[in-house]
Amino acid sequence: MEAPGGTVSAAVREHLRRLCLQEFPCGRGSWNKSRFLPQTWRTWRELIPREEVAGTPGEETVEDLLDLVCSPHSPWALLEGSSAEDRFLRQLAIQNPQMLKDTTFFYSYFRSLQVVDKQVSLVDKDLLKFLKLEELVLSANQIKEIDAVNLPPTLKVLELYGNSMTSMECLCARPPPGLQHLGLGHNKLLGPSQSLFVTARHWPHLVSLDLGFNDLTDLQSMTGSLGTLRHLRLLVLQGNPLALVPYYRGLTIDSLARLCALDDITVSPSEKHQFRGLSHRRDSLAPEAQLVVTIGNVRGVLDTSVLDPEPGPQGPFITYSYYVTYDFVEDEDDEGNEYEGVLAEIFKPSPSVEQLGDEIPAEVTTEEAVDRVESVPTTTSRSAEMEESMASGRSTPLPTSAEELAKLRPRIKPQLCPSPGTVLFSTVHKPWADIIRCNYEMQHTLRDLVPLKAFLLAGSTVTIVEEKILSWPVVPPPFDSVSSTKKGKGEKNKKEKGKKEKDGNNKAAAKREKETAKEKKGSKKKRELPKDLHQDPPILRVLGSGLVTLEPLLMGEPLVSTVCNFGVIRTMESDRLTFFRDSKNKKAKKAGDTRKSKTKFSAVPEISKLILKCIWKCKGPRIAK
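Residues numbered from 1 in each chain as written. Predicted model: local features only at pLDDT ≥ 70, side-chain atom pairs only at ≥ 80, totals over all residues. Heavy atoms only, no water.

## Observations concerning the overall build of the chain
Rule in force here: The numbering of helices and of strands both runs from the N terminus, where a helix is a DSSP run of H or I of at least 4 residues and a strand a run of E of at least 2. To sort residues, take the accessible area from a 1.4 Å probe on protein chains only and compare it with the maximum for the residue type: under 20% means buried, over 50% means exposed, and anything in between is partly exposed. Contacts are assigned to residue pairs that have any heavy atoms within 4.5 Å of one another. Residue-level accessible areas treat just the shown protein chains as cover; the underlying method is Shrake-Rupley with a 1.4 Å probe.
Helices and strands together make up the secondary structure of the chain, namely 16 helices and 20 strands. Taking all 625 residues of the chain together, 40% fall into the buried category. Within the chain, contacts between residues separated by at least 24 positions form 75% of all contacts whose residues are at least 6 apart in sequence. Only carbon and sulfur atoms are counted for the fraction: they give 53% of the accessible area of the chain, which is about 35,900 Å².

Spelled out as structure tokens, the structure:
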């Protein structure tokens, strides 16, 4: 194989060498030497093989040799998927090997030449030796530029898929005059100037053009230039950023009246009628894409509150909320006011995230910081012990100091940090429920289309987050002690003060007894939280995270509907605790209902897996394939 960066002619020679046209069972040798006349005074046109000599020892007949190259079970058979030209050359090398030695015949024979994935980077002038070449396929190579002078003028089909071409200008120096199909998909064509090279001046007979999956962004100028191609019937532009605008299909169809198929979908008469006149309003069309993200219901979330102990008078009082985050590409042209007043909220790092940033030294690299974050568990060992003890019925002392709480607070997870070039969006925080209804819909409008294409190829990460907040009663400031100047008062004042304190204590004791009696009567009202509470920074825990594939939107699909299944995080025991807690909060229940509820949990719960449904839709009239 040629070294990387070879030429087309070198790749062709290497391919012919691999066909083994001069080795058994092809070519000439001891297996067929008696079939040919001497070559002293005869030209190759007269070198006709003699009639087979029956019974020649050590030689094979033509039929036997052809069976060796044609039988799929033969070790000399061609690989599956070989071209018709390769099969013909192998058979010709058996029937009349002398013809392959004549270069005139060899170069005039080929009508089609396919050099695919051969690390070719240069189209050399030896390609002009193929006098009747009509189809040239140079896909999946390393070609950045082509000298059009080296292209045979007889070409009708030229395919350059999967290369590294950044401009079509090199092809327009002297393009093949009769070219009918040009395939430049999956390259790196970029910039509005590319529309200057798709006019009838360069391709007067072009019937089919494939520019899919490049970085073309200017739809108005591109359709204007393509309108000059009078014979154009088949066009592929999908996969380009310009195909993400809502009016892409309508403007293209109305601008190219003779077009029969766009992006491999037939242009119907109803479409032509529907989009009639759109090309006359091209100046008023904004070059922006609009995507709508919808997040539905979340099922199967574990109610973590059942694992927490009952709060004491000094706290902590624990509250939980749940929300969904997803990352979306950041529009550099956005002024920052577009998402104000919408149902969604842009996710901002909580104080605990900022605290984490302060704890990581400046000289620590990003990878080391991520390693440190990942090394800390989602819930610390002490908090995990607390949850396990509650599930098993053991008692665990609650943290009473800020230092102990800091140890319980987990670090932020990498899933909650947006990747470079993206912004993290969040649904509204909701309390726990069997089915958490997010009711979220957000429209994203972007003008910078090239990063949007890269984002759709990479996909978006969707994450379900649990937020835990610990609240503590605000401790009043200590009462100032009696000043030294009042210490010299008489014993009379001290006795009166002592009597007042004694009476006050008696009243407080009586009040407490009344409250205790009320509780003993069976009041099941929930204990009211103190009015003044101090909240700690939220503790975030990722319940499930997954990648949503958005490439179908780039392929022309109208929407992507995904059901994310994050597995089972709820257990029978946790569901049982949730049920008993809910039944406690309700008013008197019948004994029969209690027995019925117990039998309900004897089987596996219906909602056992953490499931989230989300829909990504690209606005505009799109035709699903």
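The discussion continues.
## Here's the deal with the pairing of strand β12 (residues 317–329)
Within a regular beta strand, the side chains point alternately toward one face of the sheet and then the other, so they alternate between its two faces. Applicable threshold: A pair of strands is labelled paired if DSSP reports no fewer than 2 bridges between them.
For β12, a buried count of eleven out of 13 residues is recorded, marking the element as mostly surrounded by other parts of the structure. Pairing analysis gives ten bridges linking β12 to strand β16 (residues 460–473), with the strands arranged antiparallel. Paired with Thr325 across the strands is Thr463, a residue of β16. The pairing of β12 with strand β14 (residues 422–426) spans five bridges and is antiparallel. Residue pairing for β14: Asp327 is matched across the bridge by Leu424.

## Overview of the sheet that holds strand β19 (residues 559–568)
Selection criterion: Structural elements are reduced to axes, namely lines fitted to C-alpha atoms, with helices fitted over the stretch in contact, and the angle between N-to-C directions of any two is expressed from 0 to 180 degrees.
Taken in spatial order, the four strands of this open sheet run β15-β11-β20-β19, and their pairing is antiparallel. If you trace the sheet from one side to the other, it starts and ends with β15 (435–446) and β19, each paired once. Taking the axes of each pair of neighbouring strands and ignoring which way they run, one obtains an average angle of 15° across the sheet. Across ten bridges, the pairing between strand β11 (residues 289–299) and β15 is antiparallel. Among the inter-strand pairings, Val293 is bridged to a residue of β15, identified as Met442.

## Notes on the packing of aromatic side chains
What counts, and what does not: Within 6.5 Å between ring centres, the rings of Phe, Tyr and Trp (the latter by its six-membered ring) count as paired, and their orientation is classed by plane angle as stacked under 30 degrees, edge-to-face over 60, tilted in between.
Considering all chains together, one arrives at twelve aromatic pairs under this definition. Aromatic side chains Phe24 and Trp31 sit 5.3 Å apart centroid to centroid with 85° between the ring planes, which places their arrangement in the edge-to-face category. The interplanar angle of 85° and the centroid separation of 5.5 Å between the aromatic rings of Tyr326 and Trp616 together place this pair among those described as edge-to-face. Within this pair, whereas Tyr326 is found in strand β12, its partner Trp616 is found in strand β20 (residues 609–618), the two being separated by 290 residues in sequence. Neither residue differs from the other here; Tyr326 and Trp616 are each classed as buried. Pairwise contacts between aromatic rings join Phe88, Phe105, Tyr107, Tyr109, Phe110 and Phe130 into one cluster.

## Looking at the sheet that holds strand β2 (residues 112–114)
Read across the sheet, eight strands follow the order β2-β4-β5-β6-β7-β8-β9-β10 without closing on themselves; strand pairing throughout is mixed. A single partner strand is all that each edge strand has here, and the edge strands are β2 and β10 (265–266). Note: strand β8 (residues 234–236) against strand β9 (residues 261–262), two bridges, orientation parallel. The partner of Leu235 across the bridge, within β9, is Leu262.

## Quick notes on the confidence of the model for the chain
Selection criterion: pLDDT measures how confident the predictor is about each residue, on a scale from 0 to 100.
When pLDDT is averaged along the chain, the result is 76; 65% of the residues meet or exceed 70. Counting interchain partners and residues more than four positions distant, the pLDDT-below-50 stretch residues 481–490 has four contacts.

## Some words on the environment of Ile469
Secondary-structure assignment places Ile469 in strand β16. Separated by 70 residues in the primary sequence, Ile469 and Ile539 have C-alpha atoms spaced 6.3 Å apart. If near-sequence neighbours (up to four positions away) are discounted, Ile469 is found in contact with Phe317, Ile318, Thr319, Gln535, Asp536 and Pro538.

## Concerning helix α12 (residues 449–458)
Convention followed: It is the directions from the helix axis to the C-beta atoms that the arc portrays.
Buried residues of α12: Leu449, Leu452, Lys453, Phe455 and Leu456, and no others. Mapping the buried residues of α12 onto a view down its axis gives an arc of 160°, with all of them on the same face. Gly459 sits one or two residues past α12 and shows a positive phi near 90°.

## Thoughts on the pattern of salt bridges
Using the following cut-off: A pair is scored as a salt bridge if a Lys or Arg side-chain nitrogen falls within 4 Å of a carboxyl oxygen belonging to Asp or Glu.
For the structure on display, the rule yields seven salt bridges. One salt bridge connects Arg18 with Glu14, and the closest N-O pair in it is separated by 3.1 Å. Here the residue Arg18 and the residue Glu14 both occupy positions in helix α1 (residues 8–19), the gap between them amounting to four residues, near one helical turn. For Glu14, a relative accessible area of 10% puts it in the buried group. Two residues, Arg249 and Glu271, come together in a salt bridge whose shortest N-O distance is 2.6 Å. Residue Arg249 is located in helix α6 (residues 248–255), and its partner Glu271 is located in helix α7 (residues 269–274); the two are separated by 22 residues in the primary sequence. Of the residues examined, Glu271 reaches a relative accessible area of 6% and is grouped as buried. Linked through salt bridges whose partners overlap, the residues forming this network are Glu14, Arg17 and Arg18.

## Here we look at the environment of Leu190
As for its position among the elements, Leu190 is in the loop between β6 (181–183) and β7 (208–210). The class of Leu190 is partly exposed, set by a relative accessible area of 48%. Residues Leu190 and Ser167, spaced 23 residues apart in sequence, show a C-alpha to C-alpha distance of 7.1 Å. Discounting chain neighbours no more than four positions away, the residues touching Leu190 are Thr166, Asp215, Leu216 and Val450.

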